[in-house]
Amino acid sequence: MRCLLLPWMTLKTPALRIAQVAPLFESVPPQGYGGTERIVSYLTEALVEAGHEVTLFASGDSVTRARLVPVVEQSLRLDCRRPDWLVWHTLMLERLFATAEQFDVIHFHVDFLHFPLARRCATPSVTTLHGRLDLPDLAPLYREFTDLALVSISDSQRKPLAGANWRATVHHGLPEQLHRLQPEPGDYFAFLGRISPEKRVDRAIEIAIACGVPLRIAAKIDDVDRVYFDTHIRALFDHPLIEFVGEIDEARKSAFLGGARALLFPIDWPEPFGIVMIEAFACGTPVVAYSGGSVDEVMDHGVTGFVVRDQQEAIAAARGIATIDRRRCREVFAERYTAARMAADYVAVYRSLA
């Protein structure tokens, strides 16, 4: 008997040969703070899990199930010799493009450094932009390279460059079992991220003090922000309700976020995504976040926490945070922000290019 292949009886799509190109500043995944490298890690491992053949170009201290091309022995930020980042990223691009024909698609996470070479390469490529795009010098750059495919990490991120070659918005995702639900929180608020002017830890401190609730701050202080910290923030840490934990690794993050009444995210800039928000959701921890950038896109006001416009609203929201269902926060994470969903979205982009 002859078998007919009906339209819905599709054959399994073949695996793709994918190159992931990560920044060299941090390992993949990073040992501490490092949002871009962490997302590259989650994406790479999810693609491997889905059966794709993935090659990761990254620092030699990276850990992955993909084939690792170790461009430099260790991540640049942790190297006390302070190597020149441009030299090592240039060498990485040379190694990549010398073998480009081995891949079906190349996925870049290194801003625009590769653009002139990618334009002249026969292998399709896509670039995820992880940073802010409202800087004036970026407009002429992206007008020149409209032939190169781009992915945004939120719809709000792409607004300053509306005419660029956007192929998709792909929200970040985390491994589903990375963090566990903690239905009963401890008695503190959490701040997790960087000590920098745009992250506004000073606002978080003011909110916590107004509520009479301890604030635990797990944060990285970059060299570029050291003067800001010494001038504006250091003295605020002397308050008895404030505890500076320092930079924490992934192993400690679940307990830190899950034990908090709420994550305070009082940003003062157009946040491109804000991965810490979905890390909190995964723990069942609601978020009090200032409106701006991706916040209104990622947050469900009244469901995963509260979106506020000023300190008065933020303090009121923090005082009423117990009205948020922590189990529902976890459910929203599982529905929208897993690494498997992120990988599937990217595979759709890859196939549209390849």
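In this report, the structure presented in the accompanying data block is examined. (Residues numbered from 1 in each chain as written. Predicted model: local features only at pLDDT ≥ 70, side-chain atom pairs only at ≥ 80, totals over all residues. Heavy atoms only, no water.)

Re the overall build of the protein chain
Counting its regular elements, the protein chain contains twelve helices and 13 strands. For 354 residues, the compact-globule formula gives about 20 Å, and the C-alpha radius of gyration of the protein chain, at 21 Å, lands near that figure. Projected onto the principal axes, the alpha-carbon positions of the protein chain cover approximately 70 × 60 × 35 Å. Classification of the 354 residues of the protein chain by burial places 54% in the buried group. Considering only intrachain contacts with a sequence separation of at least 6, the fraction spanning at least 24 residues in the protein chain is 65%. (Helix = DSSP H or I, 4+ residues; strand = E, 2+ residues; numbered from the N terminus. Rg over C-alpha atoms; globule rule 2.2 N^0.38 Å. Buried < 20%, exposed > 50% of the residue type's maximum accessible area, 1.4 Å probe, protein only. Contact = heavy atoms within 4.5 Å.)

A word on the sheet that holds strand 11 (residues 262–265)
Hydrogen bonds along the backbone pair up the strands of a sheet, which may run parallel or antiparallel. Spatial strand order, 10-9-8-11-12-13: six strands in an open sheet with parallel pairing. Only two strands of the sheet have a single partner each, and these edge strands are strand 10 (242–244) and strand 13 (305–308). Taking each pair of neighbouring strands and ignoring which way they run, the sheet shows an average axis angle of 20°. Pairing geometry for strand 8 (residues 189–194) and strand 9 (residues 215–220), over six bridges, is parallel. (Pairing = 2+ DSSP bridges. Axes fitted to C-alpha atoms, helices over the stretch in contact; angles between N-to-C directions.)

Quick notes on the sheet that holds strand 6 (residues 149–152)
With parallel pairing, the seven strands of this open sheet are ordered in space as 3-2-1-4-5-6-7. Strands with a single pairing partner mark the edges of an open sheet, and in this sheet they are strand 3 (67–70) and strand 7 (166–169). Direction aside, neighbouring strands of the sheet carry axes that sit 20° apart on average. Of the strand pairs in this sheet, strand 2 (residues 53–58) and strand 3 are connected by four bridges, and their pairing is parallel. The residue bridging Phe 57 from the neighbouring strand is Val 69, located in strand 3. Those strands touched by helix 1 (residues 35–49) are strand 1 (17–21), strand 2 and strand 4 (105–108), and its axis lies near 160° from that of strand 2. Strand contacts of helix 12 (residues 339–353): strand 1, strand 4, strand 5 (125–129), strand 6 and strand 7, with the helix running at about 145° to strand 5, the strand carrying the most contacts.

Quick notes on the pattern of salt bridges
Across all of its chains, the model carries 26 salt bridges by this definition. Here Arg 234 makes a salt bridge to Asp 230, at a shortest N to O gap of 2.6 Å. For Arg 234, a relative accessible area of 43% translates into the label partly exposed. According to the relative accessible area criterion, Asp 230 is partly exposed, its value standing at 38%. The shortest N-O distance in the salt bridge between Asp 300 and Arg 336 comes to 2.9 Å. Linking Asp 300 in the loop between helix 9 (295–298) and strand 13 with Arg 336 in helix 11 (residues 326–336), this pair joins segments that are 36 residues apart in sequence. Under the relative-accessibility criterion, Asp 300 is labelled partly exposed at 25%. (Salt bridge = Lys/Arg side-chain N within 4 Å of Asp/Glu carboxyl O.)

Topic: the packing of helix 7 (residues 250–258) against helix 8 (residues 275–283)
Two measures define how a pair of helices packs: the angle their axes make with one another and the distance between the axes. With their axes 9 Å apart at the nearest point, helix 7 and helix 8 run at an angle of 70° to one another. The angle between helix 7 and helix 8 falls in the class roughly perpendicular. Crossing handedness for the pair helix 7 and helix 8: right-handed. Together, Glu 250, Lys 253, Ser 254, Leu 257 and Gly 258 of helix 7 and Glu 279, Ala 280 and Cys 283 of helix 8 make up the contact between the two elements. Broken down by class, the residue content of the contact of helix 7 with helix 8 amounts to three nonpolar, two polar and three charged. (Parallel < 35°, antiparallel > 145°, perpendicular 65-115°, else oblique. Left-handed = near helix turned anticlockwise from the far one by under 90°. Nonpolar A, V, L, I, M, F, W, Y, C, P; charged D, E, K, R; others polar.)

Regarding the packing of helix 8 against helix 11
Put simply, helix 8 and helix 11 touch, their axes get as near as 6 Å, and they point 120° apart. By the angle class used here, helix 8 and helix 11 are oblique. You can see that helix 8 and helix 11 cross each other, and the crossing is left-handed. Facing helix 8, whose interface residues are Ile 278, Phe 281, Ala 282 and Cys 283, helix 11 presents Arg 326, Cys 329, Arg 330 and Phe 333.

Digging into unusual backbone geometry
With glycine set apart, most residues show a phi of negative sign, and most peptide bonds adopt trans. Going from Val 28 to Pro 29, the amide bond is cis rather than trans, its omega being 0°. In this fold, Pro 29 is placed in the loop between strand 1 and helix 1. Here Arg 82, not a glycine, exhibits a phi torsion of approximately 55°, which is positive. Following the sequence through the fold, Arg 82 ends up in the loop between strand 3 and helix 2 (85–98). Accessibility expressed as a relative area gives 55% for Arg 82, which makes it exposed. Here the phi dihedral of Arg 200 falls at roughly 55°; this positive angle occurs in a residue that is not glycine.

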